[in-house]
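Topology and contacts: notes
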Amino acid sequence: MTQENRQSVKQYNRNRVFRLIASRQRISKQEIAAELNLSLPTTTQNLNSLKEEGLISENGTFDSQIGRKARAISIVPNYRVAMGLDITPHHISLVLADLNGSIIDHVRKKFTVGANEASYIALRDNVEAFVRQNHINPAQILGLGISVPGIVSFDKKEIINAATLPLPANFCEIFEKYFSFPCHMFNDASCAGIAEFWRNDYENETIAYLLLSNTVGGAILVDGVPYAGRNNRSAEFGHITIEPGGRRCSCGKQGCAEIYCSALFLSGHTDNNLETFFRELDVGNQEYEALLKEYLRNLSILINDVNMCLDCQVVLGGYMGTYLKRYIGEIRQLVSERCTFATDGGYVRACTCEFEAAALGAALSYIEEFIKSV
Ligand SMILES: [Zn+2]
């Protein structure tokens, strides 16, 4: 084996050890050696080097009835952190995530971003205040991922199309100059899908994530990585026609799924307040019951279309994800009736990452990258 090969095997094993520790809350040296099929001396060598760099630490002992108690090893979660900024037409959310992918802190506030310097500076001030309030040294920050409801370039630096935001294509370039860490742009649905994948055991699976908020977006995640398509605009499920000649969509076409499956289909009747809609439903509002029935029927058409193309798990996320949990049985029934093949609809599930999924996903891409690089 050449010197170079030895180096790369060494690096490869070190990375495997770190990734395994990162994927667990706590793990013992013996478990690492057994799971990765490494000798104990090799495992010890890797653990020592990771410990010296401050990437891992001992974290108590495991209970054991016989012999010495094994020491538990964990990663040092805030060795590096990443931030996510989700920009929607009238709000911003900021999330700070550690190497475990856990949210350390978050803030959500009303903010209408404009295409002018004063607006960018106000946005920068929000990011800086957030960093200050968390006593984070900017050198610790891997990057700021910016999630937008739109299509971004392959290099994650340019906005190709974000009709609901007045931001220029080169917003990232302008904004990045304010900070010492890198910034990248992401599609909001891809971010939310990444966060969902991170939280769940979907290993070796493909999932279709439906972002059902005031707009409808989506992501197809193959082993956790969004499938981009030729133009980085795959999984635009909201603009699949489900009602030919139907109502006019924001995209200019008629009958898109977005009109019939977005949260606005329901919350449009309660001053854009989804909570009020479901509260009314709980007290037996029959008009709303009929609306929900229609909504679930529309949604089942979209889900079936997605499943017919991809034959994979379909995860319902966005604002609606939380509320749809209790109707999951009904949705499964509707999609199974619609499906050409025998299915119990069990491939449909509600999201589990409900909180600030888009902002978190934007931060997670840096965490993922960092873990790969150790
Ligand atoms: Zn449309």
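Starting from 1, residues in each chain are numbered consecutively following that chain's sequence as written. With the structure being a predicted model, the display of local features is reserved for residues of pLDDT at least 70 and the display and counting of side-chain atom pairs for 80 or more, all residues being used for whole-chain, interface and lining totals. For the side-chain quantities, the full set of heavy atoms in the structure was used; hydrogens and water were omitted.

In the annotation of an unreviewed UniProt entry, the entry for the chain reads ROK family transcriptional regulator, and the organism field reads Bariatricus massiliensis. UniProt positions are given in the numbering used here, feature names are shortened, and annotations may be inferred rather than shown by experiment. Looking at the chain in UniProt, the text filed under Sequence similarities (unreviewed entry) is "Belongs to the ROK (NagC/XylR) family." In UniProt, the chain has this text filed under Function (unreviewed entry): "Transcriptional repressor of xylose-utilizing enzymes."

For helices the rule is a DSSP run of H or I covering at least 4 residues; for strands it is a run of E covering at least 2, with both sets numbered from the N terminus onward. Each helix and strand in the chain was counted, giving 13 helices and 15 strands. Projected onto its principal axes, the C-alpha positions of the chain cover 70 × 55 × 45 Å. In this scheme, a residue with accessible area under 20% of its type's maximum is buried, one over 50% is exposed, and one in between is partly exposed, where area comes from a 1.4 Å probe on protein chains only. Here the chain, with 374 residues, has 49% of them falling under the buried criterion. The criterion used for residue contact is that any of the two residues' heavy atoms lie within 4.5 Å. Looking at the chain alone, contacts between residues at least 24 apart form 61% of all its contacts between residues at least 6 apart. In these tables, accessible area is a Shrake-Rupley quantity obtained with a 1.4 Å probe, and a residue counts as shielded only by the protein chains included in the view. Counting only carbon and sulfur atoms, one obtains 48% of the accessible surface of the chain, whose full area is about 18,500 Å². Across the chain, the 36 positively charged side chains and the 42 negatively charged ones have centroids separated by 6 Å. This count recognises Lys and Arg as positive and Asp and Glu as negative, with His and chain-terminal groups excluded. In plain terms, the charge of a residue is placed at NZ if it is Lys, CZ if Arg, CG if Asp and CD if Glu.

Turning our attention to the coordination of the zinc ion. The expected angle between donors at a tetrahedral four-coordinate metal is 109.5 degrees. At an octahedral six-coordinate metal it is 90 or 180 degrees. Looking at the metal site, the zinc ion is ligated by His239 (ND1), Cys249 (SG), Cys251 (SG) and Cys256 (SG), spaced 2.0 to 2.4 Å from it. Sodium, potassium and calcium take a 3.2 Å donor cutoff, other metals 2.8 Å, and in both cases only N, O and S atoms count; water is not among them, so sites may look incomplete. A four-donor site is called tetrahedral if each angle lies between 85 and 135 degrees; a four-donor site is square planar, and a six-donor site octahedral, when trans pairs exceed 155 degrees and the remaining angles lie between 65 and 115; all other cases are labelled irregular. Each of the 4 donor atoms bound to the zinc ion contributes to angles spanning 104 to 119°, and the resulting shape is tetrahedral. Counting gaps between the donor residues of the zinc ion yields the pattern H-x9-C-x1-C-x4-C. Of this pair, His239 sits in the loop between strand E13 (225-226) and helix H7 (257-261) while Cys251 sits in the loop between E13 and H7; the two residues are 12 residues apart in sequence, bridging distant segments of the chain. Residue classification places His239 among the partly exposed residues on the basis of a relative accessible area of 30%. Its relative accessible area of 39% is what places Cys251 among the partly exposed residues.

Okay, the sheet that holds E13 next. Across the sheet, which stays open at both edges, the 5 strands sit in the order E13-E12-E11-E14-E15 with mixed pairing between neighbours. Strand pairing shows two members of the sheet lacking a second neighbour, E13 and strand E15 (348-350), which therefore form its edges. DSSP calls a pair of strands paired once it identifies at least 2 bridges connecting them. Two strands pair when backbone bridges link them, and strand E11 (residues 206-212) and strand E14 (residues 313-317) are joined in this way by 5 bridges, in the parallel orientation. Bridge pairing links Leu211 to Gly317 in E14. The strands that helix H6 (residues 188-199) touches are E11, strand E12 (216-222), E13 and E14; relative to E11, the one it contacts most, it runs at about 125°. Lines fitted to C-alpha atoms define the axes, with helix axes restricted to the stretch in contact, and inter-axis angles between N-to-C directions lie between 0 and 180 degrees. Of the strands in this sheet, E14 and E15 are in contact with helix H12 (residues 328-338), which crosses E15 at around 160°.

Counting 44 residues, the largest nonpolar core has Val17, Phe18, Ile21, Ile32, Ile56 and Tyr209 as the members making the most contacts within it. If we ignore the near neighbours within four places in the chain, the residues touching Val17 are Ile32, Leu36, Leu38, Asn46, Leu47 and Leu50. Grouped together as the second largest cluster of nonpolar side chains are 43 residues, Ile242, Tyr260, Leu316 and Ala350 included. What we call a nonpolar core is a set of buried Ala, Val, Leu, Ile, Met, Phe, Trp, Tyr and Cys residues that are connected through their side-chain atoms within 4.5 Å.

Before going further, it helps to examine a negative patch on the surface. Patch definition: residues with relative accessible area over 30% and no salt bridge; like charges joined within 9 Å; nonpolar side chains (Val, Leu, Ile, Met, Phe, Trp, Tyr) joined within 5 Å. One speaks of a salt bridge when a side-chain nitrogen belonging to Lys or Arg is within 4 Å of a carboxyl oxygen belonging to Asp or Glu. The grouping of Asp201, Glu203, Glu205 and Asp223 at the surface amounts to a negative patch. Positionally, Asp223 belongs in the loop between E12 and E13. Judged by its relative accessible area of 46%, Asp223 falls in the partly exposed class.

Parsing the chain into structural domains produces domain 1 (3-75), domain 2 (81-191 + 357-373) and domain 3 (201-350). A C-alpha centroid distance of 43 Å is found between domain 1 and domain 3. Domain start and stop positions are those given by an automatic or database domain assignment.

Here we take up the packing of helix H9 (residues 274-282) against helix H10 (residues 286-310). Two numbers describe how H9 lies on H10: the axes approach to 8 Å, and their chain directions differ by 115°. Like other packed secondary-structure pairs, H9 and H10 cross with a definite hand, here left-handed. Every residue of H10 that contacts H9 at Phe277, Phe278, Glu280 and Leu281 is listed here: Tyr288, Glu289, Leu291 and Leu292. Nonpolar residues are Ala, Val, Leu, Ile, Met, Phe, Trp, Tyr, Cys and Pro. Charged residues are Asp, Glu, Lys and Arg, and all others, Gly as well, are polar. Class assignment of the residues belonging to the contact of H9 with H10 gives a composition of 6 nonpolar, no polar and 2 charged. Crossings are sorted by hand: turned counterclockwise from the far helix by less than a right angle, the near helix makes the crossing left-handed, and turned clockwise it makes it right-handed.

Before going further, it helps to examine the pattern of salt bridges. Tallied over the full model, the rule gives 11 salt bridges. The closest approach of N and O atoms between Lys157 and Glu176, which form a salt bridge, is 2.8 Å. Here Lys157, found in the loop between strand E8 (151-152) and strand E9 (159-161), pairs with Glu176, found in helix H5 (residues 171-176); they are 19 residues apart in sequence, far enough to count as distant. In the salt-bridge network here, residues are joined through shared partners; they are Lys51, Glu58 and Arg71.

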